[in-house]
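# Overview (structure and organization)
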Amino acid sequence: MLVSRSLSAADYVPTLDAMLARTLERIALKKEQSIRTADELWIVDHNDVYTLGQAGKEEHILRHTDTPIIKTDRGGQVTWHGHGQVVLYWLFDLHSLGWSVRTLVSHAEQAIEDVTNDCLQSHALSNTAGISAHARRDAPGVYLYANTPKTLNDSKSSIKDTDTDDTIMLGKMASLGFKIKQGFSYHGIAINLNCDLSAFNAINPCGYAGMQMLRLSDFVAMQANTEQSNSQQQQSSTHINPQGKNFLSYEQVIQKLLDNIADRHAGRIELRDIEIKENR
């Protein structure tokens, strides 16, 4: 069983404390009373924060701003969370699921790939044809690739990743970092939907100097924010952009993610063979 919990405008430290407390409670119930509790998926809209992973290096913080920097216990280096980015925390009992840590990471990456590619296929903007989402073998997360590199301006990405299928890496759209405690996972994934990407300029995202961060709304017809969605709903039941595409809402993308992850948790979606990009 998988239950979801939504947190809006959430400060990072209280959310982390609550997530850890719930994980420790589940561990104790299983160990002391043999009670298996339902796994949880937390959907979080964080207030602006930079988080530095357990082995994170301060050198990847390029300049200090008014945004707080919090040391945390997840894996990975430094990243940013804030409005317009969806954070999904996976509070899963891996042993009961029969999942390894690699299985967890692969399910997370493939869920993001599935939903991103579905959105790109159904709501792509006219100038973003040929874009697809893939994981990478050498760096956790999900990245966007273009299959027509000759038509792209080099300035779009400071890091290129060309593979044998003649694709070029444009940048990173989703990050992940988990913590495993006695077979229970917490922390999770962060996906840039329609956030302000300028916050990433103050850091080396995930420890990669020059990594271009991307957001879904620059590649698909997507509403700017919840307030815009509500305003448009009052005007019309169907939202069409100038290119004739229906607008995707923030909430619709999240629901696609929740459905995909729930299907994976229930065993209805199996892992694909790992065919992810290598850094060449």
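What you are looking at is a predicted structure, and each value in this text was computed from that prediction instead of being measured.

## Quick look at the sheet that holds strand E10 (residues 184-192)
Spatially, E1-E2-E6-E10-E9-E8-E7 is the arrangement adopted by the seven strands of the open sheet, whose pairing is mixed. This sheet does not close on itself; its edge strands, each paired only once, are strand E1 (2-10) and strand E7 (131-135). Neighbour to neighbour, the strand axes of the sheet diverge by 20 degrees on average, direction disregarded. With five bridges joining them, E7 and strand E8 (residues 142-146) adopt antiparallel strand pairing. Looking across to E8, one finds that His-134 is bridged to Tyr-143. In the packing of helix H1 (residues 12-33) onto the sheet, the strands contacted are E1, strand E2 (39-46), strand E6 (85-91), strand E9 (168-181) and E10, and the crossing angle to E10 comes to about 145 degrees. Most of the contacts of helix H5 (residues 250-265) go to E6, to which it runs at about 20 degrees, and overall it touches E1, E2, E6 and E10.

## Thoughts on the pattern of salt bridges
Throughout the structure, instances matching the rule amount to 12 salt bridges. Among the salt bridges present, the one from Glu-109 reaches Arg-102, with a minimum N-O distance of 3.4 Å. Under the relative-accessibility criterion, Glu-109 is labelled buried at 4%. In this structure, Lys-256 and Asp-118 form a salt bridge, with 2.8 Å as the shortest nitrogen-oxygen distance. In this pair, Lys-256 is assigned in helix H5 and Asp-118 in helix H3 (residues 101-123), connecting sequence segments 138 residues apart.

The rules behind each value
- Residues numbered from 1 in each chain as written.
- Predicted model: local features only at pLDDT ≥ 70, side-chain atom pairs only at ≥ 80, totals over all residues.
- Heavy atoms only, no water.
- Pairing = 2+ DSSP bridges.
- Helix = DSSP H or I, 4+ residues; strand = E, 2+ residues; numbered from the N terminus.
- Axes fitted to C-alpha atoms, helices over the stretch in contact; angles between N-to-C directions.
- Contact = heavy atoms within 4.5 Å.
- Salt bridge = Lys/Arg side-chain N within 4 Å of Asp/Glu carboxyl O.
- Buried < 20%, exposed > 50% of the residue type's maximum accessible area, 1.4 Å probe, protein only.

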